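Summary of the model geometry
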Amino acid sequence: MTNERARTGSVERDGHIRLFCGLQLADDTLDCLTDWQTVNLAAGRIVPRENLHITLAFLGDRPSGDVTAVAGALQAASAEAGELDLAVRGYRETRSVGMVTLEDRGGAATRLAEGLQSRLEGVGVFRREGRAWLPHITVLRFRERAGLHREAPNMCSINAVRAALYRSLLGSGGASYEVLESVVLGGR
């Protein structure tokens, strides 16, 4: 494979790609979040609109041959998903990101994430973290904690009706995401 092809992200040089599964956000949610980012986030690198999502499972660097198994697990878990009822809880920072944390009213998003993660473990492509899944949307990235104390965009409704398998392409300006597979939740 040539360096040009590796740079454009068709497949990484060693036949591996960075994968994760997440919830795609509706346009009204994206509009609200990007408006809030513009007004409230001055430090670090704002996550662009096209990269905003809710991660269900981060698989990391995987052989490209795993895509079919991951897509199958995503389709099966998504078909069983109930209606998601997510609401903004707050804004918080870790050592490298700022995020809008979400309340999973009714627990349907947590059941979806856990069901997907269980299926991914079953096909041998994922290992759960030691902590519970936290529904959130990463809105800011930084090298040093920004120390922002922001009110969360509580006027945003968090609407997600599709789940997706994403490929993460790393570049000098940050990551970009490509949707490899997108499925409707709950067969709706």
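A brief look at the structure comes next. (Residues numbered from 1 in each chain as written. Predicted model: local features only at pLDDT ≥ 70, side-chain atom pairs only at ≥ 80, totals over all residues. Heavy atoms only, no water.)

Time to look at the state of the cysteines. Inspection of the entire model under this criterion finds one disulfide. Disulfide partner of C32: C156, at an S-S distance of 1.9 Å. Taking the torsion about the sulfur-sulfur bond, which here is approximately -90°, the covalent link between C32 and C156 counts as left-handed. One end of the pair, C32, is in helix 2 (residues 27–40); the other, C156, is in the loop between strand 6 (136–141) and strand 7 (157–158), with 124 residues separating them in the sequence. Assigned by exposure class, C32 and C156 land together as buried. (Disulfide = S-S within 2.5 Å. Helix = DSSP H or I, 4+ residues; strand = E, 2+ residues; numbered from the N terminus. Buried < 20%, exposed > 50% of the residue type's maximum accessible area, 1.4 Å probe, protein only.)

For the structure shown, the criterion picks out four aromatic pairs. Summarising the aromatic geometry, the rings of F20 and Y177 are spaced 4.9 Å apart at their centres and angled 80° between planes, so their arrangement reads as edge-to-face. Here the residue F20 occupies a position in strand 1 (residues 16–24), and Y177 occupies one in strand 9 (residues 174–184), the gap between them amounting to 157 residues. Taken together, the ring pairs connect F20, Y166 and Y177 into an aromatic cluster. (Phe/Tyr/Trp six-rings, centres within 6.5 Å; stacked < 30°, edge-to-face > 60°.)

In this section: helix 3 (residues 67–79). Look at helix 3: 18 Å from first C-alpha to last across 13 residues, which is about the 18 Å you get at 1.5 Å a residue. Along helix 3, the residues classified as buried are V70, A71, A73, L74, A77 and S78. For helix 3, the buried positions fall inside an angular range of 160° around the axis, keeping them on one side. At its buried positions, helix 3 is contacted by strand 1, strand 3 (53–63), helix 4 (108–122), strand 8 (162–171) and strand 9. (Expected span 1.5 Å × (residues − 1). Arc of directions from axis to C-beta. Contact = heavy atoms within 4.5 Å.)

Glancing now at the pattern of salt bridges. Evaluation of the coordinates by the stated rule reveals eight salt bridges. A salt bridge links R128 to E121, with the shortest nitrogen-to-oxygen separation between them at 2.9 Å. For E121, a relative accessible area of 32% corresponds to the partly exposed category. Between R131 and E129 there is a salt bridge, with the nearest N and O atoms lying 2.9 Å from each other. Across the pair, E129 and R131 agree in class, each one exposed. (Salt bridge = Lys/Arg side-chain N within 4 Å of Asp/Glu carboxyl O.)

One way to put it is that helix 3 packs onto helix 4 with a least axis distance of 9 Å and a crossing angle of 145°. For the crossing formed where helix 3 meets helix 4, the hand is right-handed. Taking contact as the criterion, the partners of V70, A73, L74, A76, A77 and S78 in helix 3 are, on helix 4, L112, G115, L116, R119 and L120. Split by residue class, the contact of helix 3 with helix 4 holds eight nonpolar, two polar and one charged. (Axes fitted to C-alpha atoms, helices over the stretch in contact; angles between N-to-C directions. Left-handed = near helix turned anticlockwise from the far one by under 90°. Nonpolar A, V, L, I, M, F, W, Y, C, P; charged D, E, K, R; others polar.)

Let us now look at the sheet that holds strand 6. Spatial ordering of the open sheet is given by 2-6-5-4-7, a layout of five strands whose pairing is antiparallel. At either end of the open sheet lies a strand with only one pairing partner, and these are strand 2 (45–46) and strand 7. (Pairing = 2+ DSSP bridges.)

Turning our attention to the environment of D104. Inspection of the secondary structure assignment puts D104 in strand 5 (residues 97–104). As a C-alpha pair, D104 and P135 span 31 residues in sequence and 7.2 Å in three-dimensional space. Those residues in contact with D104 that sit more than four places away from it in its chain are D85, L86, A109, T110 and P135.

Right, let's talk about the environment of L165 for a bit. Looking at where L165 falls in the secondary structure, it is placed in strand 8. Owing to a relative accessible area of 0%, L165 belongs among the buried residues under this scheme. Spatially, the C-alpha atom of L165 lies 9.6 Å from that of Q75, the residues being 90 residues apart in sequence. Sequence-distant contacts of L165, defined by excluding residues within four places in its chain, comprise L19, F20, C21, V67, V70, A71, L74, E178, V179, L180 and E181.

Any functional reading would require information that these geometric values do not contain.
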